[in-house]
Amino acid sequence: MDASASNVASLQAIDDLLSYAGLRREPRQRRDGQRSTRARPERTQAPATQQQAPLRAAAPEVLRAEGLANVGIAHGFSTRAGGMSTAYSLRELPGPDRPGELNVGFTAEDVREHVQGNRARFLQKIYGAVPPMVTLKQIHSALVYRVDRAQADKSTTLAGDGMITDEPGLLLGVTTADCVPVLVADPKRGAVGAFHAGWRGTVRRIVERGVGRMRMEFGSAPEDLVASIGPAIRSCCYRVGDEVEAEFGSQFLYAEKLFSEAVEGDPVREKYPMLFLSARAPGHSGLGPALHLDLQEANRLQLLDAGLRAEAVDVSGQCTSCRTDLFFSYRAEHGVTGRMLAVIQAPPRA
Ligand SMILES: [Zn+2]
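Report follows, based on the coordinates.

About the criteria used
Residues numbered from 1 in each chain as written. Predicted model: local features only at pLDDT ≥ 70, side-chain atom pairs only at ≥ 80, totals over all residues. Buried ≥ 20, exposed ≤ 12 C-beta atoms within 10 Å, placed from the backbone. Helix = DSSP H or I, 4+ residues; strand = E, 2+ residues; numbered from the N terminus. Pairing = 2+ DSSP bridges. Core = buried A, V, L, I, M, F, W, Y, C linked by C-beta atoms within 7 Å. Contact = placed C-beta atoms within 7 Å. Axes fitted to C-alpha atoms, helices over the stretch in contact; angles between N-to-C directions. Parallel < 35°, antiparallel > 145°, perpendicular 65-115°, else oblique. Left-handed = near helix turned anticlockwise from the far one by under 90°.

**Thoughts on the pairing of strand S2 (residues 75-78)**
Residues His75 and Phe77 line one face of S2 and the alternating positions Gly76 and Ser78 line the opposite face, and both faces are buried. Pairing of strand S1 (residues 62-63) with S2 involves 2 bridges; the strand directions are antiparallel. Following the sheet pairing, Leu63 is matched in S2 by Phe77. Relative to strand S15 (residues 340-345), S2 runs antiparallel, the two sharing 3 bridges. Bridged to His75 within S15 is Ile344.

Structural data, given as structure tokens:
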């Protein structure tokens, strides 16, 4: 467990202790101090099997990128909102008041039928149907596959982190919870690509390789390509170790531009200063400046190196770790969380 995870875990343990002692726990707040205004589903009649029954949920939210939308590429990024899962619902809403969430990953804690239902709801919202979709068993590699309809909706999937296709109407989907989803389209050739870029895939240049594959397989010209870098953990929250900096340093001339240093506070001390009256003097907390990595920028630079025009690349400004009211975050939720889906469709035949 890293330092920030252990801080939050300690904070949680103290919260739990206070709540056990009959003290009221503060309602969870967003960073901007506002209470979440996320719509809650209406309470349903108490179902016979409380754990298994899907809640009546709001419609899924679909985030879209202007660049892809402008060239007529049907795509979308999901959020937590509007699904059937309750496995990761926020803790302060017990039982039936928990909103159903849109987990689209087959995670250990969730119910398989809910995940399948969530995927269908999300695709239905975008496409008005559930078209065939190819997904991968994601392994933080730089493996990119050219796929077709034969690989769609298979339970035994290929292992890798990138897909490209020009098969009309076929969907490509990647799941994330902090890692960077990157969608690429070549409207001229009717080809698309979808990539999952965590730090390991990024350092192995999955997106740069993916664009190279599109050139090779479809004859795509990089200046025709349009790309979107979706919601991910941003540098505000993405603390990494020296070994990550060393790996990027060995691969990219611009590596230095991707890292920043931040002096981090200690959330346990800030919330419960009385617990630390006998602790070390100020300035001796042992928390030095921390290294933060900008993974979205790393992938944007790979797209530019691959020849895309800067104005053809959209970057989402939303941080999954800052906004756990909107997104699942592996880092912020200590590995126990759902997944979002980024999906893109090769243009259907006219
Ligand atoms: Zn953040």
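After presenting the structure, the write-up continues.
**Here's the deal with the nonpolar core**
Formed by 69 residues in total, the largest nonpolar core has its most connected members in Val182, Leu183, Val184, Ala185, Val192, Ala194 and Ala227. What Val184 contacts, discounting residues up to four positions off in sequence, is Val192, Gly193, Gly210, Val211, Met214, Leu225 and Ala227.

**Quick look at the packing of helix H5 (residues 206-218) against helix H9 (residues 295-305)**
Here H5 crosses H9 at 30°, and the two axes come no closer than 8 Å. The angle between H5 and H9 falls in the class roughly parallel. H9 is crossed by H5, and the crossing has right-handed handedness. Residues Val207, Glu208 and Val211 of H5 lie in contact with H9, whose contacting residues are Asn299, Gln302, Leu303 and Asp305.

**Comments concerning the sheet that holds strand S12 (residues 259-263)**
The strand order across the open sheet formed by 3 strands is S11-S13-S12, and the pairing between neighbours is antiparallel. Of all strands in the sheet, those bounded by a partner on one side alone are strand S11 (239-240) and S12. For S11 and strand S13 (residues 289-293), the ladder comprises 2 bridges, and the chain directions are antiparallel. In the sheet register, Arg239 faces S13, and the bridge partner there is His292.

**Some points on the sheet that holds strand S4 (residues 133-134)**
Spatial strand order, S1-S2-S15-S7-S4: 5 strands in an open sheet with mixed pairing. The open sheet terminates on both sides in strands that have one partner only, identified here as S1 and S4. One ladder, built from 2 bridges, connects S4 with strand S7 (residues 171-176); its direction is parallel. Residue pairing in the sheet places Met133 in a bridge with Leu171 of S7. Against the sheet, helix H3 (residues 112-127) touches S1, S2 and S15, its axis set at about 40° to S15.

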